[in-house]
Each structure stands twice: as C-alpha cells, then as structure tokens.
Amino acid sequence: MIPSRRLEELGLSLPAPAAPVGSYVQAVAHAGVIRTTGQLAFTDGVILDPGHLGVEVSVDAGRAAARQAALNAIAAAAAVAGGVDRIGKVLELVGYVSCEVGFTGMSAVVDGASQVLVDIFGESGRHVRTNVGVAWLPLGSPVEISLVVALGEGSR
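For clarity, every value in this text was computed on a predicted model and none was experimentally measured.

**Quick notes on the nonpolar core**
Turning to step 1, where the next piece is worked out: If you look at the biggest cluster of nonpolar residues, it comprises 38 residues, and the most contacted ones within it are Ile74, Ile87, Val97, Phe121, Val143 and Leu147.
Turning to step 2, where the next piece is worked out: Put simply, the parts of the chain that give this core at least two residues each are helix H2 (59–81), strand S6 (87–98), helix H3 (106–121) and strand S8 (143–151).
Turning to step 3, where the next piece is worked out: The leading source of residues in this core is H2, at 12 residues.
Turning to step 4, where the next piece is worked out: The residues contacting valine 143, other than those within four sequence positions of it, are Gln39, Leu40, Ala41, Gly62, Ala65, Ala66, Ala69, Tyr96, Val97, Val109 and Leu137.

**Some words on the pattern of salt bridges**
Turning to step 1, where the next piece is worked out: Applying the stated criterion across every chain yields a total of four salt bridges.
Turning to step 2, where the next piece is worked out: Between aspartate 111 and arginine 63 there is a salt bridge whose closest N-O contact spans 3.9 Å. Highlighted residues: aspartate 111 in helix H3 and arginine 63 in helix H2, separated in sequence by 48 residues.
Turning to step 3, where the next piece is worked out: You can call arginine 63 partly exposed: its relative accessible area is 28%.
Turning to step 4, where the next piece is worked out: One network of salt bridges, with partners in common, ties together Arg63, Asp111 and Arg129.

Each value, and the rule that gives it
- Residues numbered from 1 in each chain as written.
- Predicted model: local features only at pLDDT ≥ 70, side-chain atom pairs only at ≥ 80, totals over all residues.
- Heavy atoms only, no water.
- Core = buried A, V, L, I, M, F, W, Y, C linked by side-chain atoms within 4.5 Å.
- Buried < 20%, exposed > 50% of the residue type's maximum accessible area, 1.4 Å probe, protein only.
- Helix = DSSP H or I, 4+ residues; strand = E, 2+ residues; numbered from the N terminus.
- Contact = heavy atoms within 4.5 Å.
- Salt bridge = Lys/Arg side-chain N within 4 Å of Asp/Glu carboxyl O.

So this is what it looks like as structure tokens:
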C-alpha cells in the first residue's frame, strides 16, 4: 500500500505542517523513529468543533476532529521523513480528549484518528494507543493527537 496513493484514493490531502508557537518543533527524527508534538484539530487555521465532548461536541464531531488532528500529525511526520511514503509503520498514537467529568467515550472519539491511519497505511497503520480524558486543551480543541512512527525503506 502506497500512502500517497491511498490519500488520493480517499480524497484526502495532507495540510502544511503548522508553525510551532513556542520553543519546540512539530516533529523530530532519531534512530529511525519520528515523534510528533501534539496536533490539534485545525483545518485552514480554524479548530473544528471547539469545546468539550459530552457538552458542546458530539462523539461523531469528536471523531472527525480526531481524524483531522491525525492528518495534521501525519503531515508533521511526513515533513521530517521526506514525504508520507517514507513512513514505514505507525507505532503509537496518544489521544487527548477534552471532555466533561464522567464522559467515558474517549476510545470512540480517538478511533477516528486510528481509523484514518489504517485507511492510509493499511496494516502498517495499526498501532498501540492511549486515550486520555482531560479538562481542557489548547485553543479549545476537542482533541489532541500525537504519533510515533518508524521510517520505512523509502522504496514503496
């Protein structure tokens, strides 16, 4: 499966990586692994459905936001890798969900991110995952996603 072709088949495109707003980088490579910083649910500079899951944001809207945040994370990793086709395997996804006390649907929300990784990378997109409910995220984003990916051979 060639990720760039899958993106095209799915009608998706990777956004330009966001510029850092502090003293950090969007992604870093070391020893064949790329780690991304937490990526928010930005589209064209606007947070998708800001607010808390279980209050202002539905699970379906949260899934869509998680999907967008994952696309932003892939874009950050691809920028460091030298292109999306250089990403060999998604190893780990950490998803933070801004939610009300008592909300237990974090896994359903973050699955929007997991599913787009499998859609793009196939079996190489399957990963370990952690879902965490939090009181609030930067700029009111309903989700934040970070990835750890392994570099591939570059010969996809």
